[in-house]
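Reading the structure
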Amino acid sequence: MAKKLKLVVDHSERTHARVSPSKLAYFDGCPGYEAREMDASSIHPITKEGIDGHEALDSGDWSGLNKNLRELVQVCQDYVDELQGTIENPELHNENKLTCDGDVYGYCDLVITGADDPEGHVIDYKFGWLPVTDAEVNLQGMAYVAGAFAKWTHIDTFTMHFLQPRLGVISTARFHREGVEDILARIRYIVETVNSYDSDKDVGLLHANPKNCLYCSRKITCPAFVEAMSKGVRPGLLPTTAGDLDDPEYLSKCLDALPALDAFIRDVKEASLSIRVEDGIEIPGYDLSVRRGSAKFGSPSDAYEVLKDIIDLSDFLECVNVSLPKLQKKVS
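Treat the numbers as computed from the prediction; the structure is a model and nothing was measured.

1. Side note on the pattern of salt bridges
Applying the stated criterion across every chain yields a total of nine salt bridges. We note a salt bridge from Lys308 to Glu305, for which the minimum N-O separation is 3.1 Å. The network of salt bridges with common partners includes Asp101, Glu181 and Arg188.

Structure (structure tokens):
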């Protein structure tokens, strides 16, 4: 059952830290990391579902959720309900701003505390397909925990929970107050490295990392990325030195490389799937996942014949997509 929770922070108005908990792992990999800006007009459907799922859990309003997303949100809500039962007189703090050190702060999905309880819980919802790093070593979770300890000084132990309902995975780790300084020391080192790069722009501090570069907005102009791609793909496909995205000559060279890069990526994916499925050889660091395809009828007319006694034609047509190219061909 959906519970009404007070919406503490308006997602659209809150500010973001230069080094936030969610970016710590990326900055740990490379101090020059720069997150891509989210374009609302081209947002991925799974990302949109994640946003809707977070909002539903924050507000308690599930009216706009589709059946699949409602089930995922229900999994999270049931888990939260069970956690509440472990604390006497639980207090729920959703979308709470947690500052772990200096200017490093972020908004945690949910913190559960009790006025007199020495234990608390920090919860973060992850609605995507990509698994997150285990809670024991997850920098985002560690930063949230450090911020929670700073805010609720009577609590001795916080358990970090990453809920990944789409994957059917829950990752947890228990942290004690005496270990906070170790967490803060690591975070401070990352921040110092970022500040050093910001002030000097020393390209020697940059590191090309597959997981980092994937989400970085400046990779195509990053010397470390260009060098790594030129070494990783023989012969080097990208220009030997990084250029600017407003330089037509540089863009021309990059566009020349795209067909070969696309082919390289396709070959790697096909070869990986082949040896995993056909030969049963596991690829270190990667699991084989199978996603359910979209359910659809091959023939709308056949579908209507089956359903015509229980659904009106107008209602049925609302569920049918029309291919404009096919329609144009038929009309012509």
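From this point, things continue past the structure.
2. Regarding empty space enclosed by the protein
On inspection of all chains with the given rule, the structure shows one cavity of 30 Å³ or more. Reported here for the largest cavity is a volume of approximately 80 Å³. Among the secondary structure elements, those contributing two or more residues to the lining of the largest cavity are helix H6 (210–215) and helix H7 (223–232). Considered class by class, the residues forming the lining of the largest cavity number eight nonpolar, three polar and two charged.

3. Remarks on the pairing of strand S2 (residues 104–114)
Counting buried positions along S2 yields 11 of 11 residues, so the element is predominantly enclosed. Sheet analysis places strand S1 (residues 90–101) next to S2, joined by 10 bridges and oriented antiparallel. Paired with Leu98 across the two strands is Gly106, which belongs to S2. Connecting S1 to the next strand, S2, in antiparallel fashion are two residues, including Gly102 with a positive phi near 55°. The antiparallel hairpin formed by S2 and strand S3 (residues 119–125) contains four residues in its connecting segment.

4. A few points about the side chain of Thr113
Its place among the elements puts Thr113 in strand S2. Among the polar contacts listed, one links the side chain of Thr113 to the side chain of His93, at a separation of 2.9 Å.

5. Observations concerning the packing of aromatic side chains
The tally for this structure, following the rule as stated, stands at eight aromatic pairs. Here the aromatic rings of Tyr26 and Tyr33 are separated by 4.6 Å at their centres, their planes lie at 10°, and the arrangement is stacked. Residue Tyr33 is classed as buried on the basis of its relative accessible area, which comes to 6%. Taken together, a centroid distance of 6.1 Å and an interplanar angle of 70° make the contact between Tyr26 and Tyr215 edge-to-face.

6. Considering the pairing of S3
Most of S3 sits inside the fold, with six of its seven residues counted as buried. Of the strand pairs in this sheet, S2 and S3 are connected by three bridges, and their pairing is antiparallel. By the bridge assignment for S3, Val111 is matched with Val122. Here seven bridges tie S3 to strand S4 (residues 157–164), and the two strands are oriented parallel to one another. Paired with His121 across the strands is Thr159, a residue of S4. Handedness of the crossover joining S3 and S4 through helix H4 (residues 139–151) is recorded here as right-handed.

7. Observations concerning the sheet that holds strand S5 (residues 169–176)
Taken in spatial order, the five strands make up an open sheet running S1-S2-S3-S4-S5, and their pairing is mixed. Edge strands, defined here as strands with exactly one partner in the open sheet, are S1 and S5. Across the sheet, the mean angle from the axis of one strand to that of its neighbour is 30°, orientation sign disregarded.

8. Some thoughts on the packing of helix H2 (residues 45–59) against helix H3 (residues 67–84)
Orientation of H2 relative to H3, taken along the N-to-C sense of each, is 50°, at an axis distance of 10 Å. Classified by the interaxial angle, the pair formed by H2 and H3 is oblique. Crossing angle aside, the handedness with which H2 passes H3 is right-handed. In this structure, H2 contributes Glu49, Asp52, Gly53 and Leu57 to the contact, and H3 contributes Asn68, Leu69, Val73, Cys76 and Gln77. Residues belonging to the contact of H2 with H3 are distributed by class as follows: four nonpolar, three polar and two charged.

Definitions and limits used
Residues numbered from 1 in each chain as written. Predicted model: local features only at pLDDT ≥ 70, side-chain atom pairs only at ≥ 80, totals over all residues. Heavy atoms only, no water. Salt bridge = Lys/Arg side-chain N within 4 Å of Asp/Glu carboxyl O. 1 Å grid on protein atoms, 1.4 Å probe; cavity = no way out; pocket = protein on both sides within 12 Å on 5 of 7 lines; lining within 4 Å. Points joined across faces, edges and corners; volume = space filled by probe spheres on them. Helix = DSSP H or I, 4+ residues; strand = E, 2+ residues; numbered from the N terminus. Nonpolar A, V, L, I, M, F, W, Y, C, P; charged D, E, K, R; others polar. Buried < 20%, exposed > 50% of the residue type's maximum accessible area, 1.4 Å probe, protein only. Pairing = 2+ DSSP bridges. Polar contact = N/O pair within 3.5 Å; in protein donor to acceptor, adjacent residues only side chain to side chain. Phe/Tyr/Trp six-rings, centres within 6.5 Å; stacked < 30°, edge-to-face > 60°. Right-handed = clockwise from strand over helix to strand, strands pointing away. Axes fitted to C-alpha atoms, helices over the stretch in contact; angles between N-to-C directions. Parallel < 35°, antiparallel > 145°, perpendicular 65-115°, else oblique. Left-handed = near helix turned anticlockwise from the far one by under 90°. Contact = heavy atoms within 4.5 Å.

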